[in-house]
Amino acid sequence: MKTFRCLLLTSALLSITCALSAQPAPRQVERAPASATVIPLSENWRLDGDVPVHVLLLSLQGLANRDHPRLYLEYPKNWQWEIVHPLMGFLEQRHGMKFDRLALNDADAALKLFGRYAKGCVVWDKAVRSSLTVAFTIAGVEDLVIVNADQLDLAARHGLKVVVDLRGRFTGQPDHLIYQWAYDNYHARCSRDYYVVMGGHSGAEMQPGIADFGISRRAFFSDLSANPKHPEELALLKRILAGQNPASIVLGWHSYAKDTEAQHTTLTGNYGLKMEGLHNLPNVSFTSQIPLTPDFKYTNNHHVALDAQLKAEPKVYLAAVATDSMGIGTWTKPGRGDIPYAWQVLVNWSWMNPPALQYFYESKSPNDYFIGGLSGPGYMYPQSVPADKFPALMKDMRSLMAKLDLNVLEIMEHTEGHRRNGIANLSKEVGDRYYAEFPHVHGFINGYSAAQTFDLRDNRPLLSYDYYLAVNCTVADAVADLDELIRLNDQRPYFLLIHVRESNTVEKVKQIIDRLSEKVEVVPLDIFLKLAADQKTYQTRYQEPAKPQVAKPGKNPGDV
Amino acid sequence: MKTRILLLLCTLACGLTPLGAGQSSPSPLDGRWQLDPSRSSALSFWTTFEVTIATAGDKLVLTRTLAYGNRSNREVFDLDITKPDNVVPVEWWADNRYMGLYMGGDGAKHVRATWLDDGRTLRLDSNFIVTTQQGEKAINLLSDYKVSLSGDELTLIELRSSRTRPFVYVFKRVKS
């Protein structure tokens, strides 16, 4: 009886703890604030440079923005997320916001304005890089601003006393012990809806743009490795991921120094979680609270109804798709609008960054067509997701695609160990899953580089990219490549789907198309898929089970 | 007899090595060669390209290694110039990373090797099958490995039957 009561009490306490620590989805304000503060940040992202002042400002931003969007950070012009600057203009014009600008990296002025949202400070150890990552966790859980030893006077001037001092605590320790300490002391009070992998740039550099949001949500931060060569880190990381709520979000990016994108994303998929990059995604604590304007609805450029039937002619049809992602890529660069072009939407920006999505949707040209990706509601590899976790994720995705008016789903399969020779093919089992979960789409596209998976069921084609346009590929080389593909795929119609790596401009793609030896018809992706449904000149193919590579010498193909 | 001598003189005059005759002395192509990217066609994805050649009479082994970071692919051509069809198993077509073309058929390149230009050019005439989205297609690839007179530079010109532009790769000898 005593044991039973004990168990009951423990269970009740655990439930209460979970309920207290679970964070709700970001609340949006009723309308964008009339004004907000903007602080420009320098281009120096070195730990021995301006990272200390940047993380002080990021932690302050996370705390100050917890209940209202007050502080926006203006990242440098060369920041990977180009959307930072156009978005400010959009907020000013569309939401009538005014930004009160402080000086570059002005922490003093920022603390004067927003220091009251902090209860003190946490001091990270300049000699231990990972102590800074631990400090992100502590900042969110304890409402503290992050400083180092050089900034203590500044903090003190603003009445911020040291609450947690990490100096000397982790000297000489490996990361798995450092994060174990953080786990033991803080994880119970961290969100089960958000975990931040504070990776990306490593060593002397750090670009923790996502930190403000993680802090505002009281997320646990680490850059634990998903690489099996780091078993202790991997074990702790698995423990953390296993404890997150089903279908919740993993923010940030894998560490460039420890593991690979495929390893980390495969692992998050194994737990049915959604990856949402990158580590340097800026201002989410601000943008997640800004609603869409009342007069706006997500409207895509549809060229054909879902149940339409089109007739394909004996031609080469070409569709170009830019992914990875709109916020990084060439939306504002020359050529957009000149030819039909598909853009993969970051579907989670519907709640992380609604104003950015509204900006894209409102500035689209008639030739811009939006599609959903990657593989699901976030970034994931379907092969890595256990079958029982797949339906819940895809239910989320269907809901997001309906909200964002998207009728095509892009799939990318880079599960660690699944690809053969780098080719992102789908197994038939995964193909079956997508066909079952998405009955109301034009079809699916697959790959990152070219892939070999093709199918057609119930008028819904599944087409892989036949070409990947790399950033450093010259126009002449791309023309030669595409001419070769067109020559070899000599049945008509031929459906040539191109994945354009994000920093290639639309202008460059048009130059390539204009120089092809054979005339092609560039069509919007929805029309492309409808035409492909009409004439199946592509052969059904999925990844076959691996078999021993033994050449069975056949007839010399050169013999006539 | 006279006819045979005349035939031999003719083939020598044309710069062709008589059929069945291998390299009796070390070939000027023997050795290790590293790509000079500034003077070569783009590798698309790969960042380094190395070729090693070792000849012994009628036999030669030519190895092509493409690499990017810690990823690499090695293709070994174990050839007999007396054979019109040397079967070279190829796991995957590493030369092409970005196009939807993949090794098909029997998964092998069928290669004939010929010496030209007094043994200063090695020509590999390869036939193989690729898989496209529409099915299998046959491809012929002519690869001419030409060594400079100084012996320090190797130029590879590749002409693919399916492609309108050749690839040109210039290698420098790696001195041991």
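Residues numbered from 1 in each chain as written. Chains lettered and ligands numbered in written order. Predicted model: local features only at pLDDT ≥ 70, side-chain atom pairs only at ≥ 80, totals over all residues.

**Considering the overall build of chain A**
Scanning chain A for helices and strands turns up 18 helices and 22 strands. A globule of 560 residues ought to have a C-alpha radius of gyration of about 24 Å, and chain A, at 25 Å, matches this closely. If one aligns the C-alpha atoms of chain A with their principal axes, the spans along those axes are about 85 × 60 × 45 Å. Within the span of chain A, comprising 560 residues, buried residues form 53% of the whole. (Helix = DSSP H or I, 4+ residues; strand = E, 2+ residues; numbered from the N terminus. Rg over C-alpha atoms; globule rule 2.2 N^0.38 Å. Buried ≥ 20, exposed ≤ 12 C-beta atoms within 10 Å, placed from the backbone.)

**A look at the domain arrangement of chain A**
All names here are of chain A. If you check the domain split of chain A, you get domain 1 (28-287) and domain 2 (316-534). Here domain 1 and domain 2 have C-alpha centroids that lie 32 Å from each other. Each partner contributes residues to the interface: domain 1 has 24 residues there, and domain 2 has 24 residues. Per-element accounting of the side of domain 1 that touches domain 2 gives the leading share, six residues, to helix 10 (residues 261-270). In terms of residue class, the side of domain 1 that touches domain 2 is built from 12 nonpolar, nine polar and three charged. (Domains from an automatic or database assignment. Contact = placed C-beta atoms within 7 Å. Nonpolar A, V, L, I, M, F, W, Y, C, P; charged D, E, K, R; others polar.)

**Some thoughts on helix 13 (residues 354-362) of chain A**
Here helix 13 of chain A lies mainly inside the structure; eight of its nine residues are buried. When we look at burial in helix 13 of chain A, the residues that qualify are Pro354(A), Pro355(A), Ala356(A), Leu357(A), Gln358(A), Tyr359(A), Phe360(A) and Tyr361(A).

**Details of the packing of helix 16 (residues 475-488) of chain A against helix 17 (residues 506-514) of chain A**
Residue and element names in this part refer to chain A. Where helix 16 meets helix 17, the axes come as close as 9 Å, and the angle between the chain directions of the two elements is 50 degrees. Here helix 17 runs oblique to helix 16, going by the angle between their axes. For the pair helix 16 and helix 17, the sense of crossing is right-handed. Note on element contacts: helix 17 touches helix 16 through Lys508, Gln511 and Ile512, opposite Val475, Ala478, Val479 and Leu482. (Axes fitted to C-alpha atoms, helices over the stretch in contact; angles between N-to-C directions. Parallel < 35°, antiparallel > 145°, perpendicular 65-115°, else oblique. Left-handed = near helix turned anticlockwise from the far one by under 90°.)

**Focus on the sheet that holds strand 5 (residues 145-147) of chain A**
All names here are of chain A. What the three strands build is an open sheet, ordered 5-4-6; its pairing is parallel. A single partner strand is all that each edge strand has here, and the edge strands are strand 5 and strand 6 (162-165). Going from strand to strand, the sheet's axes swing by 30 degrees on average, the running direction of each strand aside. Bridge analysis of strand 4 (residues 121-123) against strand 5 gives three bridges, and the strand direction is parallel. Counted as the bridge partner of Cys121 is Val145 from strand 5. Across the sheet, helix 5 (residues 129-142) lies against strand 4, strand 5 and strand 6, angled at about 165 degrees from strand 4, the strand it touches most. (Pairing = 2+ DSSP bridges.)

**Side note on the nonpolar core**
All names here are of chain A. Core analysis: the largest hydrophobic core is formed by 210 residues, its most contacted members being Leu60, Val122, Val145, Tyr467 and Leu496. Among the elements that take part in this core, helix 2 (residues 51-64) stands out by supplying nine residues, more than any other. A domain split of this core shows at least three residues from each of domain 1 (28-287) and domain 2 (316-534). Excluding its chain neighbours within four sequence positions, the residues that come into contact with Leu496 are Val316, Tyr317, Leu318, Asp466, Tyr467, Leu485, Ile486 and Val520. (Core = buried A, V, L, I, M, F, W, Y, C linked by C-beta atoms within 7 Å.)

**Some thoughts on the interface of chain A and chain B**
Facing the 35 residues of chain A at the interface are 32 residues of chain B. Among the elements that make up the side of chain A that touches chain B, the one with the highest residue count is helix 16 of chain A (eight residues). Looking at the side of chain A that touches chain B residue by residue, the classes come out as 13 nonpolar, 15 polar and seven charged.

**Observations regarding the pairing of strand 9 (residues 135-147) of chain B**
Residue and element names in this part refer to chain B. Strand direction decides the pairing type here: strand 8 (residues 121-132) and strand 9, joined by 12 bridges, are antiparallel. Paired with Leu124 across the bridge in strand 9 is Ser143. Following strand 8, the chain reverses through two residues before pairing antiparallel with strand 9. The pairing of strand 9 with strand 10 (residues 153-160) spans seven bridges and is classified as antiparallel. For Lys146, the partnering residue across the bridge sits in strand 10 and is Thr155. Turn length for the strand 9-strand 10 hairpin, with the two strands adjacent in sequence and antiparallel, is five residues, and the turn residue Gly151 shows positive phi of about 85 degrees.

**Points about helix 16 of chain A**
End to end, helix 16 of chain A covers 20 Å across 14 residues, agreeing with the expected 20 Å (1.5 Å per residue, within 8%). Of the residues making up helix 16 of chain A, those classed as buried are Ala478(A), Val479(A), Ala480(A), Asp481(A), Leu482(A), Glu484(A), Leu485(A), Ile486(A) and Leu488(A). Of the surrounding elements, those touching the buried residues of helix 16 of chain A are strand 11 (316-322), strand 20 (467-469), strand 21 (494-500) and helix 17 of chain A together with strand 8 and strand 9 of chain B. (Expected span 1.5 Å × (residues − 1).)

**Some details on the sheet that holds strand 2 (residues 71-74) of chain A**
Residue and element names in this part refer to chain A. Pairing in this open sheet of three strands is parallel, and the strands run 2-1-3 from one edge to the other. Pairing within the sheet leaves two strands with one partner each, and these edge strands are strand 2 and strand 3 (98-101). Geometrically, the sheet is characterised by an average inter-axis angle of 35 degrees between neighbouring strands, direction not taken into account. In this sheet, strand 2 lies alongside strand 1 (residues 35-40) in parallel orientation, the contact comprising four bridges. If you follow Pro40 over to strand 2, its bridge partner there is Glu74.

**Focus: the packing of helix 3 (residues 84-95) of chain A against helix 13 of chain A**
Geometry of a packed helix pair, given as the angle between the helix axes and the separation of the axes. Residues and elements named next belong to chain A. In the contact formed by helix 3 and helix 13, the axes pass within 10 Å of each other and the chain directions differ by 90 degrees. The pairing of helix 3 with helix 13 is recorded here as roughly perpendicular in orientation. Contacts between helix 3 and helix 13 involve Pro86, Leu87, Phe90 and Leu91 on the former and, on the latter, Pro355, Ala356 and Tyr359. Tallied by class, the residues present in the contact of helix 3 with helix 13 amount to seven nonpolar, no polar and no charged.

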